[in-house]
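# Breakdown of the fold
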Amino acid sequence: MKQPCAIISGARGQDASYLAEILLEKNYRVVGINRRSSARDSANWRIAHLMSNPNYIVELGDITDSGSINRIVATYQPDEFYNLAAQSFVGASWNEPYHTLIVNAGGVVNCLEALRQVKPDTKFYQASTSELYGKVQETPQTETTPFYPRSPYGFAKLAGYWATVNYRESYGIHATNGILFNHESPRRGLEFVTRKITDAAAKIKLGIPTGYTKRADELPLGNIESKRDWGHSRDFMQAAWLMLQEEVPNDYVVATGKLHSIRDLLDKAFGHLGLDWRNHVTKDEKFWRPAEVDLLLGDPTKIKKLLGWEPSYNFHALVVDMVDSDLRRLRGKA
Ligand code: NDP
Ligand code: GDP
């Protein structure tokens with residue numbers, strides 16, 4: 001049997017690192033696309049362990065540069081293309097709205113066009129998001145819940161979602177949207193609230209300054225009333241792979257179906273280390289957003305029924321995994 005080939009854009013991101021591991025275990029040839037970084041070695045910390053694998057290739061490319069994507073598709077003739085590249089931080093999308101739009105919407109079109117022009121039988125996965133639901137119109141959210149994005153990140157991803165549907169309907173491309181609810185891991189970026197909290201809790205436990213203010217044990221946060229459906233990135237990338245194994249392209253919600261508040265997250269992360277977050281958390285306006293998404297709760301019935309997907313991490317296991325990993329990483333620095 002011919003060795004399958006998959007391209008993953010945004011290769012040094014959280015999700016791409018887990019997806020590459022999953023595909024390499026299945027004997028794929030994996031081609032990761034990374035844009036240029038002046039800090040190449042430190043930027044690649046999530047995929048450093050994969051670099052010596054002969055089935056793992058890294059190509060320089062940027063999804064806003066159609067020439068680079070066309071070249072990579074033409075060179076590798078992939079069976080599957082996972083578009084995970086994005087300006088992925090909602091908070092930053094108000095600071096860089098146009099950049100966010102160009103990457104999260106225009107970049108999707110570039111990937112789809114490359115496939116249409118060069119290899120139209122490639123199966124395409126678009127990293128869509130629960131942020132499409134924004135100001136939620138019903139709870140829990142399903143594949144048929146109307147969208148109401150609340151940020152430049154959200155409205156840019158909405159265009160990416162519809163581009164994916166449109167290329168499926170216009171050209172018959174096997175294009176799928178994974179509408180993924182928040183998913184985290186020890187590899188999550190430090191600016192996201194989960195990792196910000198687990199990193200700070202571990203630092204406070206070890207007596208390392210959190211680094212936010214002059215007070216060494218302070219954790220400034222924004223709106224701690226919001227609620228999310230948090231899963232594990234590895235489980236969610238397993239779902240992304242399952243979607244592209246289907247004969248017919250479709251769109252799926254991926255979520256745990258369980259709702260937790262940031263207060264629950266604080267209780268769990270600080271409690272795991274015998275700490276009380278109330279002694280450390282302060283409110284800082286800087287972390288409030290111009291428009292908030294109060295609650296996201298997904299209904300994963302469709303993917304469970306049709307693809308037999310089940311998450312292996314619950315909220316407790318996820319938070320403990322993240323806190324323990326931050327403790328291990330920081331111990332050497334204490
Ligand atoms: P990350 O931010 O960890 O990874 C995104 C990657 O995309 C980064 O490595 C980044 O590169 C890269 N990237 C950004 N712009 C470009 C570009 N123009 N060309 C090429 N690469 C680029 O995010 P996640 O792994 O968490 O998320 C993966 C995808 O899933 C994203 O599209 C995100 O929006 C989406 N998503 C994520 C959710 C989550 O909860 N994690 C929920 C729903 C959707 P660099 O390292 O150089 O910055
Ligand atoms: P998002 O759901 O993709 O926006 O993921 P985040 O982890 O960035 O934010 C989740 C929720 O936490 C949002 O409602 C934020 O407003 C809220 N939040 C509260 N304080 C903070 C903070 O200090 N940093 C971040 N990133 N989010 C915060």
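Procedures and definitions
Residues numbered from 1 in each chain as written. Chains lettered and ligands numbered in written order. Predicted model: local features only at pLDDT ≥ 70, side-chain atom pairs only at ≥ 80, totals over all residues. Heavy atoms only, no water. Helix = DSSP H or I, 4+ residues; strand = E, 2+ residues; numbered from the N terminus. Rg over C-alpha atoms; globule rule 2.2 N^0.38 Å. Buried < 20%, exposed > 50% of the residue type's maximum accessible area, 1.4 Å probe, protein only. Contact = heavy atoms within 4.5 Å. Pairing = 2+ DSSP bridges. 1 Å grid on protein atoms, 1.4 Å probe; cavity = no way out; pocket = protein on both sides within 12 Å on 5 of 7 lines; lining within 4 Å. Points joined across faces, edges and corners; volume = space filled by probe spheres on them. Core = buried A, V, L, I, M, F, W, Y, C linked by side-chain atoms within 4.5 Å. Expected span 1.5 Å × (residues − 1). Polar contact = N/O pair within 3.5 Å; in protein donor to acceptor, adjacent residues only side chain to side chain. Axes fitted to C-alpha atoms, helices over the stretch in contact; angles between N-to-C directions. Parallel < 35°, antiparallel > 145°, perpendicular 65-115°, else oblique. Left-handed = near helix turned anticlockwise from the far one by under 90°. Nonpolar A, V, L, I, M, F, W, Y, C, P; charged D, E, K, R; others polar. Near = heavy atom within 4 Å. Areas by Shrake-Rupley, 256 points an atom, 1.4 Å probe, with all protein chains shown as cover. Patch = residues over 30% accessible without salt bridge, like charges linked within 9 Å, V, L, I, M, F, W, Y side chains within 5 Å. Salt bridge = Lys/Arg side-chain N within 4 Å of Asp/Glu carboxyl O. Phe/Tyr/Trp six-rings, centres within 6.5 Å; stacked < 30°, edge-to-face > 60°. Lys NZ or Arg CZ within 6 Å of the ring centre and 35° of its normal.

## A word on the overall build of the chain
Helix and strand content of the chain: 11 helices and 13 strands. Since a compact globule built from 334 residues should have a radius of gyration of about 20 Å, the 20 Å found for the chain is in line with a globular shape. Sorting the 334 residues of the chain into buried and exposed places 55% on the buried side. For the chain, contacts bridging at least 24 residues in sequence account for 79% of all contacts bridging at least 6.

## Brief notes about the pairing of strand β11 (residues 251-254)
Burial along β11 is two-sided: the residues Asp251 and Val253 and Tyr252 and Val254 are all buried. Examined bridge by bridge, strand β6 (residues 175-180) and β11 share 4 bridges and lie parallel to one another. Following the sheet pairing, Gly178 is matched in β11 by Tyr252.

## Remarks on empty space enclosed by the protein
Think of a ball as big as a water molecule: rolled over the atoms, this probe shows where empty space is left. For the structure on display, the rule yields 1 cavity of 30 Å³ or more. Put simply, the largest cavity is a space of about 50 Å³. In this structure, the largest cavity is lined by Val90, Trp94, Glu131, Arg150, Ser151, Arg228, Arg289, Ala291, Glu292 and Val293.

## Brief notes about the nonpolar core
In this structure, Ile8, Leu23, Tyr82, Leu84, Tyr125 and Met243 are the most contacted members of the largest nonpolar core, which totals 33 residues. For this core, the element with the most residues is helix α8 (residues 233-244), which contributes 8 residues. Within the second largest apolar cluster, 25 residues are counted, among which are Ile197, Trp277, Val281 and Val319.

## What about helix α6 (residues 152-171)?
If you check α6, its first and last C-alpha atoms are 28 Å apart, about what 20 residues at 1.5 Å a residue would give, namely 28 Å. Just beyond α6, the residue with positive phi is Gly172, at close to 70 degrees.

## Overview of the side chain of Thr142
Position of Thr142 among the secondary structure elements: in the loop between β5 (123-129) and α6. Polar side-chain contacts of Thr142 include one of 3.0 Å to the side chain of Thr144. Dropping the residues within four chain positions of it, Thr142 is found in contact with Tyr133, Val253 and Asp299.

## What about helix α7 (residues 193-206)?
Under the 1.5 Å per step criterion, the end-to-end length of α7 is 20 Å for 14 residues, consistent within 8% with the ideal 20 Å. Counting buried positions along α7 yields 11 of 14 residues, so the element is predominantly enclosed. Burial in α7 covers these residues: Thr194, Arg195, Lys196, Ile197, Thr198, Asp199, Ala200, Ala201, Ala202, Lys203 and Ile204. Buried residues along α7 sit in contact with β7 (183-184), β8 (219-221), α9 (262-272) and α11 (315-331). Looking at the residues trailing α7, positive phi occurs at Gly207, about 75 degrees.

## A closer look at the packing of helix α1 (residues 14-25) against α8
Their axes nearest at 9 Å, the elements α1 and α8 cross at an angle of 60 degrees. By the angle class used here, α1 and α8 are oblique. The crossing of α1 and α8 is right-handed. Here Gln14, Asp15, Tyr18, Leu19, Glu21, Ile22, Leu23 and Glu25 of α1 lie close against α8, whose contacting residues are Ser233, Arg234, Met237, Gln238 and Trp241. Looking at the contact of α1 with α8, its residues break down into 6 nonpolar, 3 polar and 4 charged.

## Notes on the site of ligand 1
Near ligand 1, the surroundings consist of 23 residues, among which Asp15, Arg35, Asp62, Ser88 and Tyr153 are the closest. Note that an oxygen atom of ligand 1 is positioned 3.3 Å from one of the backbone N or O atoms of Gly13. For ligand 1, an oxygen atom lies 2.9 Å from a polar atom in the backbone of His183. Relative to its unbound accessible area of 900 Å², ligand 1 is 88% covered by the protein chains. Broken down by secondary-structure element, the contributors of at least two residues to the shell around ligand 1 are α1, β5 and α6.

## A short note on the site of ligand 2
Close contacts around ligand 2 come from 18 residues, with Val193, Lys196, Ser226, Arg289 and Glu292 the closest. Between ligand 2 and Val193, the relevant distance is 2.8 Å, taken from an oxygen atom to a main-chain nitrogen or oxygen of the residue. Expressed as a share of its isolated accessible area of 530 Å², the protein-covered part of ligand 2 is 97%. Class assignment for the residues of the shell around ligand 2 results in 8 nonpolar, 4 polar and 6 charged.

## Focus: a nonpolar patch on the surface
Taken together, the side chains of Tyr98, Leu101, Ile102 and Phe155 present a nonpolar region at the surface, about 390 Å² in accessible area. The leading source of residues in the nonpolar patch is helix α5 (residues 97-118), at 3 residues. As for its position among the elements, Ile102 is in helix α5.

## Some words on the packing of aromatic side chains
Applying the stated criterion across every chain yields a total of 10 aromatic pairs. Between Phe89 and Phe192, the aromatic rings sit 5.1 Å apart at their centres with planes inclined by 70 degrees, giving edge-to-face as the arrangement. Taken together, the residues Phe89 in the loop between β4 (80-83) and α4 (90-93) and Phe192 in the loop between β7 and α7 connect sequence positions 103 residues apart. Within the aromatic cluster, the residues linked to one another by ring pairs are Tyr133, Phe147, Tyr161, Trp162 and Phe181. A cation over an aromatic ring shows up here: Arg116 above the ring of Tyr171, its NZ or CZ 4.8 Å from the ring centre.

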